[in-house]
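Descriptive structure summary
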Amino acid sequence: MTTQRDAFGARLGMWLFLFSELLLFGGLFLLYAVYLARYPSEFAAGGQQLDTLLGTGNTLLLITSSLTVALALSALQQGRRQLCQMLLCATILASLLFLTIKGIEWQAKFGHGLFPGGAELETLPAGQQIFFSLYFVTTGLHGLHVLIGAALLLWTLGLTRKGLVSAENPVMLENSALYWHLVDLIWIFIFPLYYLLL
Amino acid sequence: MSQQNDRGFLQASNLQPLLFDWIFSVDHKRIGLLYLYSVCAFFLAGMVLGLLIRLELIAPGPTIATAQTYNALFTLHGVVMIFLFIIPGIPAAFGNIMLPLQIGAQDVAFPRLNLLSWWLYILGAFMALTSLFSGGGPPDTGWTFYVPFASETPTNVSLALLAVFIIGFSSILTGVNFVTTIHRLRAPGMHWGRLPLFIWSLYATAWVQILATPVLGITVILVMVERLIGLGLFDPARGGDPILYQHLFWIYSHPAVYIMVLPAMGVISEIIPVFSRKPTFGYKAIAASSVAIAAAGSLVWGHHMFVSGMSDTAIMVFSLLTFLVAIPSAVKVFNWVATLYRGSISLEPPMLFALAFVFLFSIGGLTGLVLGSASADVHVHDTHFVVGHFHYIMFGGTGFAFFAALHYWLPKVFGRMYNIKIATIAWAIIFVGFNLLYFPMMLVGLHGMPRRYYDYLPQFQNLNVIATVGSWVLAIGLLLMFANLYRGIRRGTAAGNNPWQAATLEWVVTSPPPGENFSQPPQVTHDPYDLQQAGKP
Ligand code: HEM
Ligand SMILES: [Cu+2]
């Protein structure tokens, strides 16, 4: 069947799927925009309580991992399988590190009672409660995508080891890399909106 | 051997249990039929619920149901009809079967993803049904799941929402598959200007599926999380705003109206030229209007919220935009009528359903403008006028187009013809029953009867009795139609490869189509409605 080998088609399909992922987050960004307009000072106060250092660290991690996955792809295309696998491992490692840091951040917020239903949060003004609710939903959903992306990369790694993903047939790696870039891209929006601008 | 080939793709492999042949098949035709069977089953289930709703409304006061049961009834009816019947109806069932055949491809771009879509759809349906019998009882929010009620009612809303999410995911995957297929797998000579109009409509629909459905996804996730841990994002007591839920919901659900109706328009655009023996009038205008509807339709969601609380400016803008979307829809209607003009019309069953579509859809569209003008909407919002209006669009429009597609394409899919005379009688009964059912509903709505109540004031009774009797007539017609189609599939006379002398590619292959659509990629040499060339690729 010729249809199976259409690499361009496979990439097109992935792009289309990524559009729909973007719009999934689009709904959350829409809520952010509306509530920011309604509660500017409360959002600023909420943003101040996020840990910019950890946020920046995570941003650097994700950008680096986007680079390593791109390098993994070009390594594969040059036939350097060993290097490709190492770069993939590095990417997956970065994703796990990202999740750990995210976990530490959440942990701290939980410790201060700053979570939906938490005692401390209930005492804050309405706008700040909204801020933290949005923060948890958005970073939670993003974290889930990090996890999915990492699983995808792990699977690709397996296929690369078996030689099923190769210079001749790189589609799977191309597509998981695309997905990973999306995960990165969404974070690039989340980071300034929640940690920096406010 | 020749015996086997007659059955085409329907031939059992005999390598595994017959059921596995189907539910694990990656053949687009089989997946399409899986969808078709499921969709028809859910339609019948939804119909029974609709009949029960109507029965309750035959007299004021409790008749067969309590208020709570009634709430559950219309919620289920809405959820089943919208998410399980009408959204997957034409695109996933007939789209799957016909898309590759009509563009001269062997299959869709991602056959395995296609099977996954069906499995997700069934999983979602299963969860929706489970939500009836578990947890706090059947959901009672209406199919719109408005907060704050949806985040507070003790009924099993969370599971129903999860079901909607999963079905939405399935719909996105189908969209991705179709766009890729149309871009990549057209046969040589099948350039964009030669795409059948059904394919154009699937293309526009697929984009809406990809871009609008995720917004519904995030919306239902938010309500689920709200019920689980209480985010307060839509809770005024905690700074949230329930109106924002409505915005998010309709940002999906208005475009979803086009997911429902565009493929239907595509079916009609296939049928009308064939039974008028004339090429379509305004091919380009019809194709472009599909895309225009999909694009402009994403900007009008606010017309569902004229009385929910919006600034006057926003109301005016949304009202104006709503009027603008009517234009491409009207373009289609005028082009169909122009195609009929001086055609040599033959009133076979597919054509009868198509003509009924044009008539009923026009009524639905014009009453839509009544609702689109904000000042009139203030009076009829949330009355039975709205219920009548959207049944004219969804049922009179898409439902009838679905029936038209059944009568048009089943002879191709199964190679057998149903009884034409019975089909015609069934059509007449359905048409009469339909109008008897929904026209009085619009009238009683104009008199002020609100929707979603099991009870009403005594002065509304006459019209309600007529509507309920209409629902019985309609149901008889539908049962007759389905029985006739079923008999046709099982025991009908051989239909031949091209019973309607149509010129699109699916009629070139045998009926039923072979397992492998085309032994070699066809070289397309003519336009889809060049009826002189019927039967040639
Ligand atoms: C088969 C015959 C049908 C009958 C007798 C019927 C009857 C009704 C009635 C009486 C209502 C109003 C309930 C109320 O507001 O109190 C209703 C609501 C509804 N119907 Fe139907 N209907 C039928 C078919 C369909 C079809 C084919 C569709 C869609 C394709 C559909 C979609 C809906 C929806 C979405 C609602 C709104 C539910 C809600 O308010 O949440 N119905 N139907
Ligand atoms: Cu609308």
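Residues numbered from 1 in each chain as written. Chains lettered and ligands numbered in written order. Predicted model: local features only at pLDDT ≥ 70, side-chain atom pairs only at ≥ 80, totals over all residues. Heavy atoms only, no water.

Topic: the overall build of chain A
Definition in use: The helix and strand labels rest on DSSP assignments: H or I over at least four residues marks a helix, E over at least two residues marks a strand, and numbering proceeds from the N terminus. Exposure is judged per residue with a 1.4 Å probe applied to protein chains only, and the accessible area is read against the type maximum: over 50% gives exposed, under 20% gives buried, and values in between give partly exposed. Throughout, a contact is declared for two residues whenever any of their heavy atoms are within 4.5 Å. Two residue types count as positive, namely Lys and Arg, and two as negative, namely Asp and Glu; His and chain ends fall outside the count. A charge is said to be at NZ when it belongs to Lys, at CZ for Arg, at CG for Asp and at CD for Glu.
If you tally the helices and strands in chain A, you get 7 helices and 0 strands. Reading the helices (α) and strands (β) of chain A from amino to carboxyl end gives α-α-α-α-α-α-α. Taken over the C-alpha atoms alone, chain A extends approximately 60 × 30 × 25 Å along its principal axes. Residues classed as buried in chain A amount to 52% of the 198 residues present. Intrachain contacts of chain A at a sequence separation of at least 6 include 81% that bridge at least 24 residues. Side chains of chain A carry 9 positive and 10 negative charges; the gap between the two charge centres is 13 Å.

Some points on a nonpolar patch on the surface
For the record, the criterion: Residues enter patches when they are more than 30% accessible in relative terms and free of salt bridges; like-charged ones are connected within 9 Å and nonpolar ones (Val, Leu, Ile, Met, Phe, Trp, Tyr) within 5 Å. Per-residue accessibility takes into account occlusion by the displayed protein chains alone, with areas from the Shrake-Rupley method and a 1.4 Å probe. Whenever Lys or Arg places a side-chain nitrogen within 4 Å of a carboxyl oxygen from Asp or Glu, that contact is recorded as a salt bridge.
There is a patch of nonpolar side chains on the surface, built from Trp15, Phe19, Leu22, Leu185 and Phe189 of chain A together with Leu211 of chain B and spanning about 530 Å² of accessible area. Broken down by secondary-structure element, the contributors of at least two residues to the nonpolar patch are helix 1 (7–38) and helix 7 (171–196) of chain A. Top contributing element to the nonpolar patch by residue count: helix 1 of chain A, with 3 residues. Residue Trp15 of chain A is classed as partly exposed on the basis of its relative accessible area, which comes to 45%.

Brief notes about the site of ligand 1
Residue and element names in this part refer to chain B. Stated precisely, the cut-off is as follows: Put simply, a residue is near a molecule or strand once any heavy atom of it comes within 4 Å of that molecule or strand. Distance and chemistry together define a polar contact, namely a pair of N or O atoms within 3.5 Å, with one atom able to donate a hydrogen and the other to accept it when in protein, and with adjacent residues in sequence counting only for side-chain atoms on both sides.
Residues in contact with ligand 1 amount to 27 residues; listed here are only the nearest, Tyr70, His77, His391, Arg451 and Arg452. Between ligand 1 and His77, the relevant distance is 2.8 Å, taken from a nitrogen atom to a side-chain nitrogen or oxygen of the residue. Taking Arg451, its side chain carries an N or O atom lying 2.9 Å from an oxygen atom of ligand 1. Elements that contribute at least two residues to the shell around ligand 1 include exactly helix 3 (28–56), helix 4 (67–103), helix 14 (384–414) and helix 15 (420–446). With 8 residues, the top contributor of residues to the shell around ligand 1 is helix 4.

Some thoughts on the coordination of the iron atom of ligand 1
All names here are of chain B. As a reminder of what qualifies: Sites may look incomplete because water is not among the atoms; the donors themselves are N, O and S atoms within 2.8 Å of the metal, or within 3.2 Å for Na, K and Ca. Each label reflects the angles at the metal, where four donors whose angles all fall between 85 and 135 degrees are tetrahedral, four or six donors whose opposite pairs open beyond 155 degrees and whose other angles stay between 65 and 115 are square planar or octahedral respectively, and the rest are irregular.
In the first shell of the iron atom of ligand 1, the protein supplies His77 (NE2) and His391 (NE2), at 2.0 Å from the metal. Here the iron atom of ligand 1 is ringed by 6 donor atoms whose angles at the metal span 84 to 179°, and the overall shape comes out octahedral. Of this pair, His77 sits in helix 4 while His391 sits in helix 14, and the two are 314 residues apart along the sequence. Assigned by exposure class, His77 and His391 land together as buried.

Some thoughts on unusual backbone geometry
All names here are of chain B. Backbone torsion omega between Val147 and Pro148 reads 0°, so that peptide bond is classified as cis. Of note, Pro148 is situated in the loop between helix 5 (111–133) and helix 6 (149–152). The omega torsion of the bond from Ser511 to Pro512 falls at -10°, within 30 degrees of zero and hence cis. Mapped onto the elements of the fold, Pro512 is located in the segment after strand 2 (493–494). Phi is positive for Arg342, which is not a glycine, with a value near 60°. Mapping Arg342 onto the fold places it in the loop between helix 11 (312–340) and helix 12 (349–372). Of note, the phi angle at Gln501 is positive, near 55°, even though the residue is not glycine. Position of Gln501 relative to the elements: it lies in the segment after strand 2.

Side note on the state of the cysteines
The condition is simple: Throughout, a disulfide means two cysteine sulfur atoms within 2.5 Å of one another.
Applying the stated criterion to the full structure yields 0 disulfides over all chains. Cysteine Cys89 of chain A is unpaired, with the sulfur of Cys84 of chain A as its nearest cysteine sulfur at 9.5 Å.

Re the packing of aromatic side chains
Residue and element names in this part refer to chain A. Applicable threshold: Side-chain rings of Phe, Tyr and Trp, where Trp is taken by its six-membered ring, are said to pair if the distance between their centres is within 6.5 Å; with planes under 30 degrees apart they count as stacked, over 60 as edge-to-face, and otherwise as tilted.
Applying the stated criterion across every chain, the model contains 65 aromatic pairs over all chains. Their ring planes at 15° and their centres at 6.4 Å tell us that Trp106 and Phe110 sit as a pair that is stacked. A residue pair is termed a helical-turn pair when its members lie 3 or 4 positions apart in one helix, as Trp106 and Phe110 do in helix 4 (residues 81–111) at 4 residues. Judged by its relative accessible area of 26%, Trp106 falls in the partly exposed class.

Brief notes about the confidence of the model for chain B
Keep in mind that low pLDDT regions are not for reading the predicted coordinates in detail. Under the convention used in this document: pLDDT is a residue-level measure of predictor confidence that goes from 0 to 100.
Across chain B, the average pLDDT comes to 93, with 99% of residues at or above 70. Among the prediction metrics, the complex's ipTM stands at 0.92, with pTM recorded as 0.94.

Quick word on the interface of chain A and chain B
Note the threshold: Summed over both partners, the accessible area (1.4 Å probe) lost when two parts come together is defined as the buried area. For this classification, the nonpolar set comprises Ala, Val, Leu, Ile, Met, Phe, Trp, Tyr, Cys and Pro, the charged set comprises Asp, Glu, Lys and Arg, and every other residue, Gly included, is treated as polar.
Taken together, the contact pairs 33 residues of chain A with 34 residues of chain B. Together chain A and chain B conceal approximately 2,800 Å² of surface at their shared face, both sides included; 75% is due to carbon and sulfur atoms. Along the contact surface separating chain A from chain B lie 3 salt bridges. Note that Arg184 of chain B and Asp6 of chain A form a salt bridge whose closest N and O atoms lie 2.9 Å from each other. Linking chain A with chain B are 7 residue pairs in polar contact (both at pLDDT 80 or more). When the residues that make up the side of chain A that touches chain B are grouped by side-chain class, the tally is 21 nonpolar, 9 polar and 3 charged.

With respect to the packing of helix 9 (residues 242–276) of chain B against helix 12 of chain B
Residue and element names in this part refer to chain B. Filter applied, for reference: Angles here are taken between N-to-C directions and fall from 0 to 180 degrees, while the axes themselves are lines fitted to C-alpha atoms, restricted in helices to the stretch in contact. By the definition adopted for this analysis, an angle is roughly parallel if under 35 degrees, roughly antiparallel if over 145, roughly perpendicular if from 65 to 115, and oblique otherwise. A crossing counts as left-handed when the near helix is turned anticlockwise from the far one by less than a right angle, and as right-handed when that turn is clockwise.
Taken N-terminus to C-terminus, the directions of helix 9 and helix 12 make an angle of 130°; their axes are 9 Å apart at the nearest point. In terms of axis orientation, helix 9 runs oblique to helix 12. The hand of the helix 9/helix 12 crossing is left-handed. Here Val261, Ala264, Met265, Ile268, Ile271, Ile272, Phe275 and Ser276 of helix 9 come into contact with helix 12, specifically with Pro350, Met351, Ala354, Phe357, Val358 and Phe361. Split by residue class, the contact of helix 9 with helix 12 holds 13 nonpolar, 1 polar and no charged.

Digging into the side chain of Asp184 of chain A
All names here are of chain A. Summarising the element assignment, Asp184 is placed in helix 7. For the buried Asp184, no salt bridge exists, and the shortest N-O distance to an oppositely charged side chain is 13 Å, to Lys102. Residues within four places of Asp184 in sequence aside, it is in contact with Leu62, Ile63 and Ser66.

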